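# What the coordinates show
Read off the chains here:
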Amino acid sequence: AVVSTQSTGEECVENKKQYSLCKAYFWFIFTGFVGGHHMYLGQDYQAVMTITTVAGLYGLGLIVDFFSLPSYVDNANGKHAEYQRELRELTRKHFPKPRVNLVMLGLQLIVAAKFRLLVHLAIPLEGSTLLRIALLPLATTAGVLLVGRIYGVRTSSPLLTLLSSVLSYTLLHLVLGVPNNVVPVDSTCGALLAFTFLRRYGNEGQRIGRARKRVFVGCVVAVVLLQGGYYYNNATVTIEGMQVPLRDVVVEFFDSPAWVDTKLKLAQFYDEVWEIGFIPALSRLNLFADEAMSEEVAYELLGVPANITSTALKKRFRKLSLEYHPDKHPPETRESANAKFMELKTAYDVIMKMRSYRTKIESVKVLKEMSDRLNRFEERYKKKKEGQEGSAGEKTEL
C-alpha cells in the first residue's frame, strides 16, 4: 500500500486493455479502504495488504495512493514498459540479489508486527504454548512475505523463513524468558533475517495467479475474522458508568429473555408474511411490546399525561432520574432508590419505543394508501384508454 514495484504493463499491452485514471480515482474514492483501486489496476498484492491492514496501515497507504495513482495507471498501461524491462535486465546483471531496501524492511517490520499483535489479541493463547509457537510466527512470516511481493522481492524458501521465525520466538520467550508483550523483537526478527539472506528477485507483475487466489481470499477472510475477534475480546462498553467487556454483553444479550421473545416474534412475522402479505404482517409486528409494563402504567409512573410531547417527556424523565439516582442517596436508602430508578427508566423506554412503533405504522399506512391511489389511477386510465380505442374502432367501421 506504499511505494512499490508496479506491474510492467506487458500483460496489459498484450491484452490491449487500457486503464482510465478517472475510473481509478472513482474506485479509490468509493472502495479505496478495501483496495478497490488496486484490484482495478491489477495490483492484487497491494489490495490484499490494504484490506488486511485496515485501509493500508490505518489510512497511511491511502494518502500515498492518492498522489501515486497517475503513476500506477501509467505502469498498468505499459507506458514505460520497454524502459522498465531494460532497467530490470541491467539491475539483475549487475546485482545478482535485490539490493537491501530500508523502506521495505521498515514496512515489513510494521506489517509483521501488526499481524502478530492482531493474532495475539484476537485469540486467547495464554494456555497453549504450542498454539502460540504455531500461529504467531506464521502471522509475522505472512506479513514479511506480503510486503516483499509488493516490492518485487521474494524468498528462495518460505519454509526456512517460517522456521527461522519459530526459532527466534522460541529462543526469546521459552529460553531467555522475554515477556510475550514485546511485539517487534521476537518472531518478526527471525523472519526478517531469513528473508534478507534468502531474498531473490520475484516474478514481474502484481496479479495473483488463479491457483493462489483462493488461498489469498482465505487469508483475507481470516484477517477480517481476527479483527472482529480482537474487538470482541478487548472492547468494552460503558453501562451505567461501569466498563463491561463486550464479550460479556454479547453473551448476556443472546441469553436474555428479550432476545428469545424477539426471535419468536420474527418467526411469527415470517409465517404471517406468507399468509396475509408483507404490509398487513408488518402492521401487526411489534418488537417492542413489554408485557411487564403497559403504556398506561408507564405514564402513571412518570406522572405525565398521554398527550405530552417527547421533549417535555424527556425533561420529566431527567428530573426524576436525578431525583432517584442511587448515587444521590445514602447507603441505607440506596437499594430502594435504585429499584425506583430502574422502574422509571423502563417506563420511559416503553413509552418511547411505543411512540416509535406507532410512527412506523403510520408510515406504512401512508405508503399503502399512496399505493392504493396509484392502483386506482392506473385502473381508471386503462378503462379510459380502452374506451377511446373502442370509440375509434366504431368510427372506423362506420
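Residues numbered from 1 in each chain as written. Predicted model: local features only at pLDDT ≥ 70, side-chain atom pairs only at ≥ 80, totals over all residues. Heavy atoms only, no water.

## Notes on the overall build of the protein
Heads up, the rule is: Counting from the N terminus, the helices are the DSSP runs of H or I reaching at least four residues and the strands are the DSSP runs of E reaching at least two. To sort residues, take the accessible area from a 1.4 Å probe on protein chains only and compare it with the maximum for the residue type: under 20% means buried, over 50% means exposed, and anything in between is partly exposed. The contact criterion used throughout is that any non-hydrogen atoms of two residues lie within 4.5 Å.
The helix and strand inventory of the protein stands at 18 helices and 4 strands. With 398 residues in all, the protein has 35% of them scored as buried. Considering only contacts within the protein whose residues lie at least 6 apart along the sequence, 72% involve residues at least 24 apart.

## Here we look at a nonpolar patch on the surface
For clarity, the cut-off: For patch detection, residues must exceed 30% relative accessible area and be free of salt bridges, and they are connected within 9 Å for like charges or within 5 Å for nonpolar side chains (Val, Leu, Ile, Met, Phe, Trp, Tyr). Per-residue and other accessible areas were derived by the Shrake-Rupley procedure at a 1.4 Å probe size, with only the shown protein chains allowed to occlude residues. In what follows, salt bridge is the name for a side-chain nitrogen of Lys or Arg lying within 4 Å of a carboxyl oxygen of Asp or Glu.
Taken together, the side chains of F26, W27, I29 and F30 make up a nonpolar region of the molecular surface, amounting to roughly 440 Å² of accessible area. Topologically, I29 is positioned in helix α2 (residues 21-31). Residue classification places I29 among the exposed positions, given a relative accessible area of 60%.

## Remarks on the nonpolar core
What counts is decided by this rule: Throughout, nonpolar core names a set of buried Ala, Val, Leu, Ile, Met, Phe, Trp, Tyr and Cys residues whose side chains join them through atoms within 4.5 Å.
In this structure, M49, L107, V111 and V147 are the most contacted members of the largest nonpolar core, which totals 28 residues. Mapped onto this core, the elements with two or more residues apiece are α4 (44-52), α8 (102-122), α9 (129-150), α11 (187-197) and α12 (210-234). The element contributing the most residues to this core is α8, with 8 residues. Not counting residues up to four positions away in its chain, the partners in contact with V147 are M49, M104, L107, Q108 and V111. A298, L313, A347 and Y348 belong to the second-largest nonpolar core, a separate cluster that totals 12 residues.

## Brief notes about the pattern of salt bridges
Going through the model one piece at a time under the given rule, you end up with 3 salt bridges. Between E89 and R85 there is a salt bridge whose closest N-O contact spans 2.9 Å. Highlighted residues: E89 and R85, both in helix α7 (residues 81-94), separated by 4 residues, approximately one helical turn. A residue is classified by how much of its surface remains accessible, and E89, at 47% relative accessible area, is partly exposed. Close ionic contact of D349 with K345 constitutes a salt bridge, the shortest N to O distance being 3.3 Å. Residue D349 and its partner K345 are both found in helix α18 (residues 331-397); the two are separated by 4 residues, about one turn of the helix. For D349, a relative accessible area of 27% gives the class partly exposed. The exposure class assigned to K345 is partly exposed, which follows from its relative accessible area of 32%.

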